[in-house]
Amino acid sequence: MKLELLDAYNIRARLSASIILLAPIAVTLFFLFEEVRSFATSSIVLFVLLAFTNYVPTLQRQINNKKASAVNYAAEMLSLNDSTFDAISKERYYKRLASLDDEFGLFLTPSESEAFRVCRESAVRYLRSHTRGHHLVQEENINYGFCRNLFANKPAGIAICIICSIFVGGYSICKYGALSEIPSLNYLAFTADLFILFFWIFGINTNVSELAAKRYAEAMIMAIDIIENK
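Fair warning: this is a prediction, and the values are worked out from it, not measured in the lab. (Residues numbered from 1 in each chain as written. Predicted model: local features only at pLDDT ≥ 70, side-chain atom pairs only at ≥ 80, totals over all residues. Heavy atoms only, no water.)

**Considering the overall build of the protein**
A count of helical and extended segments in the protein gives nine helices and zero strands. The linear arrangement of helices and strands in the protein, starting from the amino end, is α-α-α-α-α-α-α-α-α. Across the 230 residues in the protein, those meeting the buried criterion constitute 38%. Summed over its atoms, the accessible surface of the protein is roughly 13,100 Å², and 63% of this surface lies on carbon and sulfur atoms. (Helix = DSSP H or I, 4+ residues; strand = E, 2+ residues; numbered from the N terminus. Buried < 20%, exposed > 50% of the residue type's maximum accessible area, 1.4 Å probe, protein only. Areas by Shrake-Rupley, 256 points an atom, 1.4 Å probe, with all protein chains shown as cover.)

Next comes the structure, spelled out in structure tokens:
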């Protein structure tokens, strides 16, 4: 995996989510097996896990496409009835969009028609491609991508944590018998796996993902003012 090819989005939104997903495996192996803690062996294990992170983003895209939300928050925020932005700001955004492209002429006569809905969605696609260089938009896009990828990984993350926890418990009991004989590192591995499990269960939910999506949508719309005309 060539890390120099990764930009901020790939590192923070995709690679970070992949590392969190595979973390229980690394924790279990390093804490339970002394051989793995040697430099050579640990390097091999880390490189193998890092190699798997190349596949995880592809899996995330497939899951996200299947679970794609029907809510286009940016398009909704540009509708007449949405109250995210005040009326004066929204009117300014309408005029600015209409000046950016002839196809957005309906923003001069906004309505609740189907044609205006399609126009808003088209404008959002335009904004996505023309605001990527804006710092605030990029930051919120990374946060949204990170939350979305974690949400997509949640079922697999829970399963991995449960499997690792069961493995740690079963291996420790079978090898050492009495609980008092089990090394503290084994307890630490079990605790770490449970901690990550609780993170997946309670820390990753639809509210977090929706909040990140709305913040990204707001940042993208507010960047309308800095887009240059054709």
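**Notes on the nonpolar core**
Formed by 32 residues in total, the largest nonpolar core has its most connected members in Leu-97, Phe-107 and Ile-221. Judged by nonpolar contacts, the second largest core, of eleven residues, contains Leu-22, Cys-161, Ile-196 and Leu-197. (Core = buried A, V, L, I, M, F, W, Y, C linked by side-chain atoms within 4.5 Å.)

**Let's talk about the packing of helix 7 (residues 135-176) against helix 9 (residues 206-222)**
In the contact formed by helix 7 and helix 9, the axes pass within 8 Å of each other and the chain directions differ by 160 degrees. In terms of orientation, helix 7 and helix 9 fall into the roughly antiparallel class. At the point where helix 7 passes helix 9, the crossing takes the left-handed sense. Of the residues in helix 9, those touching helix 7 at Leu-136, Val-137, Glu-140, Asn-141, Asn-143, Tyr-144, Cys-147, Arg-148 and Phe-151 are Thr-206, Val-208, Ser-209, Ala-212, Ala-213, Arg-215, Tyr-216, Ala-219 and Met-220. Residues that form the contact of helix 7 with helix 9 fall into these classes: eleven nonpolar, four polar and three charged. (Axes fitted to C-alpha atoms, helices over the stretch in contact; angles between N-to-C directions. Parallel < 35°, antiparallel > 145°, perpendicular 65-115°, else oblique. Left-handed = near helix turned anticlockwise from the far one by under 90°. Contact = heavy atoms within 4.5 Å. Nonpolar A, V, L, I, M, F, W, Y, C, P; charged D, E, K, R; others polar.)

**Quick notes on the packing of aromatic side chains**
Two aromatic rings, taken as a pair, are described by how far apart their centres are and by the angle between their planes. Tallied over the entire structure, the rule returns twelve aromatic pairs. Aromatic pair Tyr-94 and Phe-107: ring centres 5.4 Å apart, planes at 45 degrees, arrangement tilted. Remark: Phe-107 occurs in the loop between helix 5 (87-100) and helix 6 (114-130) and Tyr-94 occurs in helix 5; sequence separation between them is 13 residues. Pair check on accessibility: Tyr-94 and Phe-107 agree, each one buried. Aromatic rings pair up to connect Tyr-94, Phe-104, Phe-107, Phe-116 and Tyr-126 into one cluster. (Phe/Tyr/Trp six-rings, centres within 6.5 Å; stacked < 30°, edge-to-face > 60°.)

**Considering a nonpolar patch on the surface**
Together, Ile-173, Leu-179 and Tyr-187 make up a nonpolar patch on the protein surface, roughly 310 Å² of accessible area in all. Within the fold, Ile-173 resides in helix 7. (Patch = residues over 30% accessible without salt bridge, like charges linked within 9 Å, V, L, I, M, F, W, Y side chains within 5 Å. Salt bridge = Lys/Arg side-chain N within 4 Å of Asp/Glu carboxyl O.)

**What about the packing of helix 7 against helix 8 (residues 184-203)?**
Between helix 7 and helix 8, the least distance of the axes is 9 Å, while the angle of their chain directions is 160 degrees. Between helix 7 and helix 8, the angle is such that the two are roughly antiparallel. Classified by chirality, the crossing of helix 8 by helix 7 is left-handed. Per-class residue counts for the contact of helix 7 with helix 8 are 16 nonpolar, six polar and two charged.

**Things to note about the environment of Ala-17**
Among the structural elements, Ala-17 can be located in helix 1 (residues 8-32). Its relative accessible area of 0% is what places Ala-17 among the buried residues. Distance from Ala-17 to Phe-151, taken between C-alpha atoms, is 9.5 Å for residues 134 residues apart in sequence.

**Concerning the environment of Tyr-93**
Summarising the element assignment, Tyr-93 is placed in helix 5. On the basis of relative accessibility, which here comes to 4%, the residue Tyr-93 falls in the buried class. Placed 131 residues apart in sequence, Tyr-93 and Ile-224 show a C-alpha to C-alpha distance of 6.6 Å. Tyr-93 has contacts with Phe-85, Ile-221, Met-222, Ile-224 and Asp-225, leaving out every residue within four places of it along the chain.

**A look at the pattern of salt bridges**
What the rule picks out here adds up to four salt bridges. Of the charged contacts in the structure, one is a salt bridge between Arg-92 and Asp-225, with a shortest N-O distance of 3.1 Å. Of the two residues, Arg-92 sits in helix 5 while Asp-225 sits in the segment after helix 9, which places them 133 residues apart along the sequence. For Glu-114, the salt bridge goes to Arg-117, with nearest N and O atoms at 2.2 Å. Residue Glu-114 and its partner Arg-117 are both found in helix 6; the two are separated by three residues, about one turn of the helix.

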